[in-house]
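Structure at a glance
Each chain, letter by letter, is given below.
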Amino acid sequence: MKTIAVFASGNGSNFEALAAACADGRIAARIALMVCDKPGAFVNERAARYGIPTFTFNPKEYPSKADYEREIVRRLRAERVELICLAGYMRILSDVVLEAYRDRIVNIHPSLLPAFKGAHAIADAFAYGVKVFGVTIHYVNGELDGGRIIAQRAFEYLGSDPEELEARVHAVEHPLYVETVAKLVAEQ
Ligand SMILES: Nc1nc2c(c(=O)[nH]1)N[C@@H](CNc1ccc(C(=O)N[C@@H](CCC(=O)O)C(=O)O)cc1)CN2
Ligand SMILES: O=CNCC(=O)N[C@@H]1O[C@H](COP(=O)(O)O)[C@@H](O)[C@H]1O
């Protein structure tokens, strides 16, 4: 049984998709920790419902990113975490975490990378008027949204409602993340 950690900053629908899949065996892993940089974010409520321990912190309470990342690594090691899944985690990871978990961090990004990197991918793609949207799961390294791609799924959207588009993105990313993490933990 592999041990994973999920990092999130907001609503946590991807976190919940992974937690549900671990709970019912579709992913042969246990989520030992949910890491969140936003106290009060709804993802904390979701973790509580699943009885998953959290390390939720306020970056402003630490002298630097390295300080809070050292604390994160301490807790990950204490839980013997083997794989980190970023799921809407909106902080750029420094070498403190990247080196401790080299090639064992994956991220889901709501665009067909390398197009539309960054924190506002859906809005940027929508503004561009793209007709084909998609999601990407990639390894995380020092280059922002530039790690080796593991999986992608595309879909056509011709509408003009940003909320409808975001719902379509989530409907595609949840099963893809579950399917991809299930394969990753089965391989390791
Ligand atoms: N190493 C590294 N870290 C990462 C990713 C990566 O592929 N490599 N993928 C990230 C997901 N994508 C982004 C892209 C941009 C930003 C971003 O610009 N964040 C602001 C802060 C945003 C906020 O305050 O909420 C910052 O400067 O940290 C955050 C996540 C998560 N962290
Ligand atoms: O990789 C770049 N940026 C990260 C990013 O934008 N991730 C996206 O944040 C959303 C979180 O939704 P939630 O799971 O909280 O409901 C989700 O759509 C992720 O693809």
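Residues numbered from 1 in each chain as written. Chains lettered and ligands numbered in written order. Predicted model: local features only at pLDDT ≥ 70, side-chain atom pairs only at ≥ 80, totals over all residues. Heavy atoms only, no water.

This brings us to the packing of helix α1 (residues 13-23) against helix α2 (residues 42-49). Packing of α1 against α2 leaves a shortest axis separation of 9 Å and a crossing angle of 15°. Comparing the axis directions of α1 and α2 gives the class roughly parallel. For the pair α1 and α2, the crossing hand works out as right-handed. On α2, the residues that touch Ser 13, Phe 15 and Glu 16 of α1 are Val 43, Arg 46 and Ala 47. Its residues assigned to classes, the contact of α1 with α2 shows three nonpolar, one polar and two charged. (Axes fitted to C-alpha atoms, helices over the stretch in contact; angles between N-to-C directions. Helix = DSSP H or I, 4+ residues; strand = E, 2+ residues; numbered from the N terminus. Parallel < 35°, antiparallel > 145°, perpendicular 65-115°, else oblique. Left-handed = near helix turned anticlockwise from the far one by under 90°. Contact = heavy atoms within 4.5 Å. Nonpolar A, V, L, I, M, F, W, Y, C, P; charged D, E, K, R; others polar.)

Take the UniProt feature "binding site: (6R)-10-formyltetrahydrofolate" (unreviewed entry) in the protein next. In the numbering adopted here, UniProt assigns the feature "binding site: (6R)-10-formyltetrahydrofolate" (unreviewed entry) to Lys 65, Met 90, Arg 91, Ile 92, Leu 93 and Asn 107. Mapped onto the elements of the fold, Lys 65 is located in helix α3 (residues 65-78). Residue Lys 65 is classed as partly exposed on the basis of its relative accessible area of 29%. With near-sequence residues (within four places) excluded, Lys 65 lies in contact with Arg 91, Ile 92 and Ser 94. Counting through the fold element by element, Arg 91 comes out in the loop between β4 (83-86) and α4 (95-100). By relative accessible area, Arg 91 is classed as partly exposed at 31%. Setting aside residues up to four positions removed in sequence, Arg 91 forms contacts with Asp 37, Lys 38, Pro 59, Lys 65 and Tyr 68. Polar contacts involving the side chain of Arg 91 include one to the side chain of Asp 37, which spans 2.9 Å. (UniProt positions renumbered as here; feature names shortened; annotations may be inferred. Buried < 20%, exposed > 50% of the residue type's maximum accessible area, 1.4 Å probe, protein only. Polar contact = N/O pair within 3.5 Å; in protein donor to acceptor, adjacent residues only side chain to side chain.)

Among all residues except glycine, the phi angle is most often negative; among peptide bonds, the trans geometry is most common. Residue Pro 114 is bonded to the preceding Leu 113 through a cis peptide linkage, with omega at 10°. Mapped onto the secondary structure, Pro 114 falls in the loop between β5 (105-109) and α5 (121-128). Phi at Arg 80 is positive, roughly 55°, even though this residue is not glycine. When you line up the elements, Arg 80 lands in the loop between α3 and β4. Non-glycine residue Asp 145 carries a positive phi angle of around 55°. By relative accessible area, which is 12% here, Asp 145 ends up buried.

A few words now on the site of ligand 2. Contacts to ligand 2 come from 14 residues, most closely from Gly 12, Ser 13, Asn 14, His 109 and Glu 173. In the model, an oxygen atom of ligand 2 is placed 2.9 Å from a nitrogen or oxygen of the Asn 107 side chain. Take Glu 173: an N or O atom from its side chain is 2.6 Å from an oxygen atom of ligand 2. Summarising the interface, the protein chains cover 89% of the accessible area of ligand 2, which totals 480 Å² for the free molecule. Those elements giving two or more residues to the shell around ligand 2 turn out to be α1, β5 and α6 (162-187). Of all the elements, β5 adds the most residues to the shell around ligand 2, at three residues. (Near = heavy atom within 4 Å. Areas by Shrake-Rupley, 256 points an atom, 1.4 Å probe, with all protein chains shown as cover.)

Right, let's talk about a negative patch on the surface for a bit. Where like charges cluster on the molecular surface, the negative patch consists of Asp 161, Glu 163, Glu 164 and Glu 166. Note that Glu 166 resides in helix α6. Judged by relative accessible area, which is 40%, Glu 166 ranks as partly exposed. (Patch = residues over 30% accessible without salt bridge, like charges linked within 9 Å, V, L, I, M, F, W, Y side chains within 5 Å. Salt bridge = Lys/Arg side-chain N within 4 Å of Asp/Glu carboxyl O. Lys, Arg positive; Asp, Glu negative; His and termini not counted. Charge placed at Lys NZ, Arg CZ, Asp CG, Glu CD.)

Turning our attention to the environment of Leu 98. Checked against the element boundaries, Leu 98 lands in helix α4. Considering only alpha carbons, one finds Leu 98 and Asn 141, 43 residues apart in sequence, at a separation of 6.5 Å. Ignoring sequence-local partners within four residues, the contact set of Leu 98 consists of Leu 93, Ile 105, Val 140, Asn 141 and Gly 142.

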